[in-house]
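# Observations on the three-dimensional arrangement
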Amino acid sequence: MTPTTYKEPTARGYYGQFGGAFIPEMLYPNVEELRDNYLTILADPEFQREYQQLLRDFVGRPTPLFEAKRLSKKYNTRIFLKREDLCHTGAHKVNNTVGQILLAQRLGKTRIIAETGAGQHGVATATVCALMGMECIVYMGSVDMERQRPNVERMRLLGAEVRPATSGSQTLKDATNEAIRDWISNPVDTHYIIGSVVGPHPYPDLVARLQSIISEEMRKQLLEKTGSELPQYVVACVGGGSNAAGAFYHFLDEPSVQLIAVEAAGHGITSGHSAATSVLGKPGIIHGSRTLLMQDEDGQITEPYSLSAGLDYPGIGPLHAYLAAEGRARFISIEDETALRAVAECSRLEGIIPALETAHALAALGELGAGPNDVVVINLSGRGDKDLETYMKYADSIK
Amino acid sequence: MRKPRNLRALGVTLRAYCGNLIMNNRIQQAFQKQDKKLLNVYFTAGYPRLHDTVPVLKALTAAGADLIEIGMPFSDPLADGPVIQQSSTVALQNGMNMRVLFTQLKDIRNEVPETPILLMGYLNPVMQFGVENFCREAAAAGVDGVILPDLPLDDYVDEYQEIFRRYNLKPVFLITPQTAPARIRRIDELTDSFLYLVSGPGTTGGANTQAEGVQDAYFQRIEDMQLRNPRLIGFGIADKASFQHACQYAEGAIIGSALIKALDGVDDAPAAASRFVSSVLN
């Protein structure tokens, strides 16, 4: 039976069998407070006024929908790029942090914590904390601090404290563990701004709603540029899945729109060095949510791999696990090398240097099967400045 | 004709008697015959070496520990501080998993007949093992209770309570300073073993950073609720002084990280475990 809506989880936060709130008792009051209040706060006209104003004047929304003519010619279809890379701070992440900082203020919180992988969510969090004058602590895996150094410096410049996560693979998963442990230790004054559609209910729904501005704008812009609000394809990369959730949201219940979620295959699906959760994962619990999860047969969470720090996560948001299980979204995985070639292609054909995460979505263009009369929207989730060191290191792959 | 009927009657009586014994499991017995405060100790299975589990367990009980929690190591233990995280990593590297643990515990009740044994860990490894399989194996080994901090109450009631009951395994739930009174009552209703009072904000093994009196007021508040289950206080209990302080407000206390620290890098883990328990009790 096809559900009537893919958008909304149940009262207990389930999308089909995925979601929920598997949290220790220490987190229960915090998560309950958020769960009981988030919908009311999001619907409050005063909140909406402030949120929309900040999206316009601070973030720079609406972001353009750009027709990529040279890419279109190459792939013989009509390609539009949703320019989230033009958001203040260089990626879609700030849509969520602007909303959550306003939410945190209304919950009376004075201290903000966040996790970050590529550093974009960390920067977006540090930015809104500076804007609102709130204390900000960002947890980041020490491996990621090394490979995304410019973002570490940006966070520090913005007044945030960056704390290295030194356990496990020292990447996004471990940074999230440390942020959760911080929240356990600071249950009263602290709000945890999760950066993706992961974590215990209501986070996946909260973050999806705050990112849904992306597809809301897409529909209006498509109507203007193509005469129809609905494209044939919407393509986005998925680590935890926040930019994909935002890009898919207002198309979820439009069956004519094909949703394409692009995961990082790393060195290859079967190489043992991959982050393609929809292929390699099975149902399990990570960071308070039941979802598809990369794990060994004993239920220990395994270390994912992707050259891209933002896709290097062993789970996916429960909404995406549900879309995969229901066949509502098609999942494609792209290897490091292919993503690097897409960086070069987009840079040289369109004059836009994409983030390495985003390049995975661009690299899926060749696999869509889109025809000349189809409209394809790619969510250009972030810009590539932060990845310059990586791009220099792999210059041979890129040329 | 009379003889078989009597035998059947005897069988019914025996079953009822055994049923009572089972329903009233070792955890409840430990609290019932209590004439002193109880020391509950936690250690990680397969730490510091894979085959230390049973020797450490025996040493702990011989030295006077009243309840034993065996930690089932998990790769991402969210409620735990660095000490238990590290011991979990080592145990996993040693090759510990659910199958190995149940094999190690197979004959434990021949050697440790009375001391309550609980398994503590996270839901995901239990789910992957299969909740029913887990309960069956645990019950067969003579385990009395299970602590899964990330198992939500509602999910427990809807999906697992029936299975736990069938195998006479007692769940133990955590209560924190932030847990609302109505929720404490509900947890108390769902429990027939003991309540695990988390001493303050933070993960396991943390220092107590609360202002003087804040913690005592919380313990007192819980005591005044006159709950039906006994209470053990855990998190941040590390030595004789903190154990005795916690015991003023509860039937006993739980020590984990401090014991793990005492086992770190020693050649003879059972001897170190024994020394540690003695240092708390004597």
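Residues numbered from 1 in each chain as written. Chains lettered and ligands numbered in written order. Predicted model: local features only at pLDDT ≥ 70, side-chain atom pairs only at ≥ 80, totals over all residues. Heavy atoms only, no water.

### Considerations on unusual backbone geometry
Residues and elements named next belong to chain A.
- In this model, H201 is joined to P202 through a cis peptide bond whose omega is 15 degrees.
- In this fold, P202 is placed in the loop between strand 8 (190–192) and helix 9 (203–211).
- Positive phi, close to 55 degrees, is recorded for N76, a residue that is not glycine.
- Structurally, N76 can be placed in the loop between helix 3 (69–75) and strand 4 (78–82).
- A positive phi is found at T89, a non-glycine position, where the angle reads about 80 degrees.
- Relative accessible area serves as the criterion here: at 6%, T89 is assigned to the buried category. (Helix = DSSP H or I, 4+ residues; strand = E, 2+ residues; numbered from the N terminus. Buried < 20%, exposed > 50% of the residue type's maximum accessible area, 1.4 Å probe, protein only.)

### Re the interface of chain A and chain B
- At the junction of the two partners, chain A supplies 33 residues and chain B supplies 34 residues.
- Surface buried jointly by chain A and chain B totals about 2,700 Å² across both partners, of which 53% is contributed by carbon and sulfur atoms.
- Measuring nitrogen to oxygen at the nearest pair gives 2.8 Å for the salt bridge that ties E25 of chain A to R183 of chain B.
- At the boundary of chain A and chain B, one finds 20 residue pairs in polar contact (both at pLDDT 80 or more).
- Contributions of two or more residues to the side of chain A that touches chain B are made by helix 1 (28–43), helix 8 (172–185), strand 11 (282–286) and strand 12 (289–293) of chain A. (Contact = heavy atoms within 4.5 Å. Buried area = accessible area lost by both parts, 1.4 Å probe. Salt bridge = Lys/Arg side-chain N within 4 Å of Asp/Glu carboxyl O. Polar contact = N/O pair within 3.5 Å; in protein donor to acceptor, adjacent residues only side chain to side chain.)

### Considering the pattern of salt bridges
- On inspection of all chains with the given rule, the structure shows 48 salt bridges over all chains.
- Between D155 of chain B and R12 of chain A there is a salt bridge; the shortest N-O distance is 3.8 Å. Of the two residues, D155 of chain B sits in helix 9 (residues 153–166) while R12 of chain A sits in the segment before strand 1 (14–15), which places them in two different chains.
- Via salt bridges that share partners, R111, E135, E161, R163 and D182 of chain A belong to a single interconnected network.

### As for the packing of aromatic side chains
- In this structure the tally under the stated criterion is 14 aromatic pairs over all chains.
- Their ring planes at 40 degrees and their centres at 5.8 Å tell us that F31 of chain B and F194 of chain B sit as a pair that is tilted. One end of the pair, F31 of chain B, is in helix 2 (residues 26–32); the other, F194 of chain B, is in the loop between helix 10 (181–190) and strand 7 (195–198), with 163 residues separating them in the sequence. Each member of the pair F31 of chain B and F194 of chain B is classed as buried.
- Among the aromatic residues, those joined into a cluster by ring pairs are W183, Y192 and Y203 of chain A.
- Against the face of Y28 of chain A rests R183 of chain B, its NZ or CZ located 3.2 Å from the ring centre. (Phe/Tyr/Trp six-rings, centres within 6.5 Å; stacked < 30°, edge-to-face > 60°. Lys NZ or Arg CZ within 6 Å of the ring centre and 35° of its normal.)

### What about the sheet that holds strand 10 (residues 258–266) of chain A?
Residues and elements named next belong to chain A.
- On the basis of which strands lie adjacent, the open sheet formed by 6 strands has the order 3-4-14-9-10-13 and mixed pairing. Looking at which strands have only one partner, the edges of the open sheet turn out to be strand 3 (65–67) and strand 13 (329–335). Taking the axes of each pair of neighbouring strands and ignoring which way they run, one obtains an average angle of 25 degrees across the sheet.
- Where strand 9 (residues 233–237) and strand 10 come together, 5 bridges link them in parallel fashion. Bridging across to strand 10, V234 finds its partner in L259.
- Along the sheet face, helix 15 (residues 356–363) touches strand 4, strand 9, strand 10, strand 13 and strand 14 (375–379) and points at about 145 degrees away from the line of strand 9. (Pairing = 2+ DSSP bridges. Axes fitted to C-alpha atoms, helices over the stretch in contact; angles between N-to-C directions.)

### Some remarks on the sheet that holds strand 6 (residues 135–141) of chain A
Residue and element names in this part refer to chain A.
- Taken in spatial order, the 4 strands make up an open sheet running 7-6-5-8, and their pairing is parallel. Lying at the two open borders of the sheet, with one neighbouring strand each, are strand 7 (161–165) and strand 8. Sheet twist, expressed as the average angle between the axes of neighbouring strands with direction ignored, equals 25 degrees.
- Pairing analysis gives 3 bridges linking strand 5 (residues 111–116) to strand 8, with the strands arranged parallel. Looking at the pairing, I113 lines up with Y192 of strand 8.

### Focus: helix 14 (residues 269–281) of chain B
Residues and elements named next belong to chain B.
- Helix length check: helix 14 (13 residues) gives 19 Å between terminal C-alpha atoms against 18 Å at 1.5 Å per residue, within 8%.
- Listing the buried residues of helix 14 in full gives A269, A272, A273, F276, V277 and V280. Down the axis of helix 14, the buried set is contained in an arc of 135 degrees. They therefore lie on one face.
- Lining the buried residues of helix 14 we find strand 1 (38–44), helix 3 (53–62), helix 12 (240–247), strand 9 (252–255) and helix 13 (257–263).
- Measuring from the side-chain oxygen of the N-cap residue of helix 14 to the backbone nitrogen of A271 gives 3.2 Å; that N-cap residue is D268. (Expected span 1.5 Å × (residues − 1). Arc of directions from axis to C-beta.)

### A closer look at the confidence of the model for chain B
- Per-residue confidence for chain B gives a mean pLDDT of 92; residues scoring 70 or more make up 90%.
- Of the two predicted TM-score estimates for the complex, the pTM is 0.94 and the ipTM is 0.93. (pLDDT = per-residue confidence, 0-100.)

### Brief notes about the pairing of strand 3 (residues 117–120) of chain B
Residue and element names in this part refer to chain B.
- Here strand 3 shows no split at all, with I117 and L119 on one side and L118 and M120 on the other all buried.
- Two elements, strand 2 (residues 67–71) and strand 3, share 4 bridges in a ladder whose sense is parallel. Its bridge partner being in strand 3, E69 is matched across the sheet by L118.
- The pairing of strand 3 with strand 4 (residues 145–147) spans 3 bridges and is parallel. Paired with L119 across the two strands is V146, which belongs to strand 4.

### Let's talk about the domain arrangement of chain A
Residues and elements named next belong to chain A.
- Segmentation of chain A into domains returns domain 1 (14–55 + 93–207) and domain 2 (60–90 + 211–398).
- Taking only C-alpha atoms, the centre of domain 1 and the centre of domain 2 are 22 Å apart.
- On the domain 2 side, the residues contacting the 45 residues of domain 1 number 48 residues.
- The junction of domain 1 with domain 2 conceals about 3,600 Å² of combined surface from both sides, 56% of it contributed by carbon and sulfur atoms.
- Applying the counting rule to domain 1 against domain 2 returns 3 salt bridges.
- At the junction of domain 1 and domain 2, the tally comes to 21 residue pairs in polar contact (both at pLDDT 80 or more).
- Counting only elements with at least two residues in the side of domain 1 that touches domain 2, the list comes to strand 2 (18–19), helix 2 (45–59), helix 4 (93–106), helix 5 (120–132), helix 6 (142–147), helix 7 (149–157), helix 8 and helix 9. (Domains from an automatic or database assignment.)

### A short note on the side chain of T390 of chain A
All names here are of chain A.
- Along the chain, T390 turns up in helix 16 (residues 388–393).
- A relative accessible area of 10% places T390 in the buried class.
- Apart from residues no more than four positions distant in its own chain, T390 is found in contact with R147, L307 and L356.

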